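# Descriptive structure summary
Here is what each chain is made of, one letter per residue.
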Amino acid sequence: MKFDEITLSVFPTRSEMGLVAAQEAAEYVLNLLKQKETIRCVFAAAPSQSDFLNCFFSDERIDFRRMEAFHMDEYIGIPSDDPRSFRSFLKKYFDRVNMKAVYYIDGMAPDPIKECERYGDLLMKKKIDIVFMGIGENGHIAFNDPGVADFNDSKVMKPVELDLVCRNQQVRDGCFSTLDEVPKMALTLTIPTLLSADKLFCFVPTEAKARALAETILGEISEKCPATILRRKPGVMMYIDEPCFSVLKERLNGKGK
């Protein structure tokens, strides 16, 4: 289905979603590597991405030695070797292959503003080719929650305060045991930075994301639901499972609000 600039694909299960998404992303990467010596990719770190990441980093057709990898956010105050850090989450996938380079955000940097400048400079040295991402239960992309999201942000990366919906999601996802353990602050790439990539692949499984997905597709394009801006980005490929499709399906059939 096509909604503005988003091509939406629905699959019976999240495992099927991840498999097909990884295959299509791999085809895009393989074609791009015919045109460029090195490609630069940004990855989201979240359980919602696991189905895609497992398949993508198992694809032996891809020459990962020609790929540079970045991630889009990190908690402030979580050590890099803590398994709850986004660095640790992604490292287990990056370590499967021999990548040209991997650049990590330092959530323990003494000056978060300077860390944003350091990482932003690394990221923006050259064009971002691909962003692999998801959508939060509050409609956030990266950690651009409603309230801090800015479609016209002048920054490449910034410190942000996480809203309660976002922090509770981290507990429901099993990343933290209690809300008190979830950091209140994080570093995140801004929305213009994410949208500056040539191509965006977005993976949104589970019923927990159903309302955010429906709002993203049918709601007003607004920072109240930051993911709605994806409808203005040409060529966004979005993959969801049937549980995530449930609310949107009702609304498309005129049965929901």
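One can find the structure itself at the top, above this paragraph.
All of the points below concern the structure found in this document. (Residues numbered from 1 in each chain as written. Predicted model: local features only at pLDDT ≥ 70, side-chain atom pairs only at ≥ 80, totals over all residues. Heavy atoms only, no water.)

## Re the packing of helix H7 (residues 210–218) against helix H8 (residues 242–252)
Counted only if it meets this: Note on definitions: angles span 0 to 180 degrees between N-to-C directions of axes, and those axes are lines fitted to C-alpha atoms, for helices only across the stretch in contact. Put simply, DSSP H or I for four residues or longer makes a helix, DSSP E for two residues or longer makes a strand, and each gets a number counted from the N terminus. Any angle that is under 35 degrees is reported as roughly parallel, and any over 145 degrees as roughly antiparallel; angles of 65 to 115 degrees are reported as roughly perpendicular and all others as oblique. The sense of a crossing depends on the near helix, which, turned anticlockwise from the far helix by less than a right angle, makes the crossing left-handed and, turned clockwise, makes it right-handed. Two residues qualify as a contact provided that any one of their heavy atoms is within 4.5 Å of a heavy atom in the partner residue.
Packing of H7 against H8 leaves a shortest axis separation of 7 Å and a crossing angle of 45°. Of the possible angle classes, the one that applies to H7 and H8 is oblique. The chirality of how H7 crosses H8 is right-handed. Across the interface between the two elements, Ala210, Arg211, Leu213, Ala214, Glu215, Ile217 and Leu218 from H7 touch Pro243, Cys244, Ser246, Val247, Leu248, Arg251 and Leu252 from H8.

## With respect to the sheet that holds strand S2 (residues 6–11)
Two pairing modes exist for strands in a sheet, parallel and antiparallel, and in both the strands are linked by backbone hydrogen bonds. Spelled out, the test is: The pairing criterion is simple: DSSP has to find at least two bridges between the two strands.
Spatially, S1-S2-S11-S10-S7-S3-S4-S6 is the arrangement adopted by the 8 strands of the open sheet, whose pairing is mixed. Looking along the sheet, the strands with just one partner apiece sit at the ends: strand S1 (2–3) and strand S6 (101–103). Relative to strand S4 (residues 67–71), strand S3 (residues 39–43) runs parallel, the two being bridged by 5 bridges. The residue of S4 that forms the bridge with Arg40 is Glu68. Packed onto the sheet, H7 meets S1, S2 and strand S11 (236–241) and runs at close to 150° relative to S11.

## Notes on empty space enclosed by the protein
Under the convention used in this document: Lining residues are defined by having an atom within 4 Å of a point belonging to a cavity or pocket. Those points lie on a 1 Å grid over the protein atoms alone, cavities being sets where a 1.4 Å probe fits but cannot get out and pockets being open sets with protein on both sides within 12 Å along at least five of seven lines. Grid points are joined across faces, edges and corners, and a volume is the space filled by probe spheres set on the points.
Within this structure, the stated rule accounts for 1 cavity of 30 Å³ or more. There is about 220 Å³ of room inside the largest cavity. As for the largest cavity, its lining consists of 21 residues, of which Ala45, Ala46, His140, Ala142 and Gln169 are closest to the centre.

## Here's the deal with the sheet that holds strand S9 (residues 185–189)
Taken together, 3 strands build an open sheet; the order of strands is S5-S9-S8 and the sheet is antiparallel. Looking at which strands have only one partner, the edges of the open sheet turn out to be strand S5 (73–75) and strand S8 (157–161). Averaged over all pairs of adjacent strands, the angle between their axes in this sheet comes to 20°, without regard to strand direction.

## Remarks on the pattern of salt bridges
The line we're drawing: Here a salt bridge means any side-chain nitrogen of Lys or Arg lying within 4 Å of a carboxyl oxygen belonging to Asp or Glu. Only protein chains enter the accessibility calculation, which uses a 1.4 Å probe; a residue is then buried when its area is under 20% of its type maximum, exposed when over 50%, and partly exposed in between.
Here the structure, examined in full by the defined rule, presents 16 salt bridges. Among the salt bridges present, the one from Asp51 reaches Arg14, with a minimum N-O distance of 2.6 Å. Of this pair, Asp51 sits in helix H2 (residues 50–56) while Arg14 sits in helix H1 (residues 14–33), placing them 37 residues apart in sequence. Relative accessible area serves as the criterion here: at 18%, Asp51 is assigned to the buried category. Assessed through its relative accessible area of 28%, Arg14 is described here as partly exposed. Between Arg61 and Asp59 there is a salt bridge, with its nearest N and O atoms 2.8 Å apart. Of the residues examined, Asp59 reaches a relative accessible area of 13% and is grouped as buried. Here the salt bridges do not stand alone but share partners, grouping Glu27, Asp59 and Arg61 into one network.

Functional significance is not addressed by these values, which are geometric in nature.
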